[in-house]
Amino acid sequence: MSKAAELAALIGSGQAQGDRNLIINGAMKVAQRGTSSTGLGASSGYFTVDRFRMNFNTSGRLTMTQEAITDLEGFANAIKLVCTTADTSIASGENLFIQHRLEGQDLQQLEKGTSGAKPITLSFYVKGNAAATYTAEIRDQDNTRFNGQEFSVTTSWNRVSLTYVGDTTGAYDDDNENSLTLGFILHAGSAYTGGTFASNTWQTTTDKRVGDNQTSFFDSTDRTFFITGLQMEIGETATPFEHEDFGTTLAKCQRYYTIEKAGTGGVYKRLALGQCQDSTSAGFILSLSTPLRGTPTLETSGNSNHYQTYSAGAVDTLTGILLTSDSDAGTYNHNIAFNVTVSSGLVAGDGTELVTNNNASYYLAFDAEL
């Protein structure tokens with residue numbers, strides 16, 4: 001598409017302004033947790049590329065990577081899935097979803113549940129090792145309503161564009177919880193396929209969510225799936241992908257997950273500064289560059305003995321680490337407070353540092369994902 005045609009499309013859609021993409025990290029730039037995770041399938045969660053959750057109920061297994069790509073103009077990264085263990089005997093409740101979850105307070109402009117409910121257009125680039133058909137679904141989490149459409153995958157990059165009709169039933173809650181889930185369904189049992197699938201129709205029945213044309217990603221260990229350039233916008237037109245700078249995307253991702261790494265070089269690296277409370281405990285506060293969505297859970301790189309306090313020239317190995325409830329009165333808008341314990345050796349009132357215990361790869365992370 002020429003620059004003039006792109007501008008005309010933007011103006012015609014009424015979306016020439018920025019921030020039209022409701023998806024965070026659609027170019028798959030940010031992967032705070034790491035670039036590769038193997039043996040996935042036993043449990044659901046976030047593993048590599050930020051804001052993209054894997055939901056599993058299967059005996060199949062896969063590898064997920066943030067893949068560097070050179071064969072799609074304008075994009076440097078994609079999510080890549082590789083089937084490593086097939087699952088060809090599909091039980092009723094089995095599934096594989098790639099999910100992106102959105103807060104209700106970011107969706108009020110859709111006017112869902114009113115007579116003026118607006119359509120949404122979803123666009124993305126996909127390819128795989130062979131031809132396949134999968135399902136892209138938007139789910140209203142607040143009212144348990146589904147709308148799905150099939151899409152095709154080939155061995156070459158293809159931009160898919162799907163427009164979903166506005167839903168006049170059931171408004172999204174105006175809060176910071178999950179109100180809409182975008183799901184790419186790559187594997188599904190009869191609990192999802194047993195009914196009569198109707199494309200681009202809002203409905204409430206689980207077994208009508210996936211049609212008979214669906215391919216199973218787990219049908220062979222040859223199976224691969226690539227996706228990038230994911231955009232969701234108001235209206236019936238798929239406009240050119242809205243690129244944004246890395247720093248902006250990172251800050252958006254850090255609202256849901258932020259990680260404090262020890263850094264490179266040396267093995268005793270500083271993570272935080274604090275104060276000793278008595279001979280066996282110390283308190284620390286971390287200032288956040290981006291406020292978290294809500295109360296986080298603490299994620300460590302391993303056992304508490306991966307970390308030490310350093311004060312008055314002495315180091316003491318941790319016996320415990322725990323978030324406290326007084327961080328900004330529990331809102332976690334600006335700071336994270338946590339306490340650590342050691343067996344002995346601290347002096348009340350002394351300043352102290354939290355450092356890694358002989359390993360520069362250890363980290364602390366704070367998870368407020370939807």
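The rules behind the values
Residues numbered from 1 in each chain as written. Predicted model: local features only at pLDDT ≥ 70, side-chain atom pairs only at ≥ 80, totals over all residues. Heavy atoms only, no water. Helix = DSSP H or I, 4+ residues; strand = E, 2+ residues; numbered from the N terminus. Buried < 20%, exposed > 50% of the residue type's maximum accessible area, 1.4 Å probe, protein only. pLDDT = per-residue confidence, 0-100. Contact = heavy atoms within 4.5 Å. Pairing = 2+ DSSP bridges. Axes fitted to C-alpha atoms, helices over the stretch in contact; angles between N-to-C directions.

1. Focus on unusual backbone geometry
(1) Moving on: With a phi angle near 50 degrees, alanine 312 is a residue other than glycine that sits in the positive phi range.
(2) Moving on: With respect to the helices, strands and loops of the structure, alanine 312 is situated in the loop between β17 (307-311) and β18 (314-323).
(3) Moving on: For alanine 312, a relative accessible area of 75% corresponds to the exposed category.
(4) Moving on: The phi angle at asparagine 358 is positive, at roughly 65 degrees, despite the residue not being glycine.
(5) Moving on: Position of asparagine 358 relative to the elements: it lies in the loop between β20 (351-356) and β21 (363-367).

2. Quick look at the confidence of the model for the protein
(1) Moving on: On average, the protein scores 92 in pLDDT, and the residues at 70 or more come to 92%.
(2) Moving on: Below a pLDDT of 50 lies the segment residues 11-16, which in the model reaches 8 contacts outside its immediate sequence neighbourhood of four places, other chains included.

3. Quick look at the sheet that holds strand β15 (residues 281-287)
(1) Moving on: Spatially, β14-β15-β19-β18-β17-β20 is the arrangement adopted by the 6 strands of the closed barrel, whose pairing is antiparallel. Each adjacent strand pair in this sheet contributes to an overall mean axis angle of 40 degrees, direction not counted.
(2) Moving on: Two elements, β17 and β18, share 4 bridges in a ladder whose sense is antiparallel. Note that in β18 the partner of serine 311 across the bridge is alanine 314.

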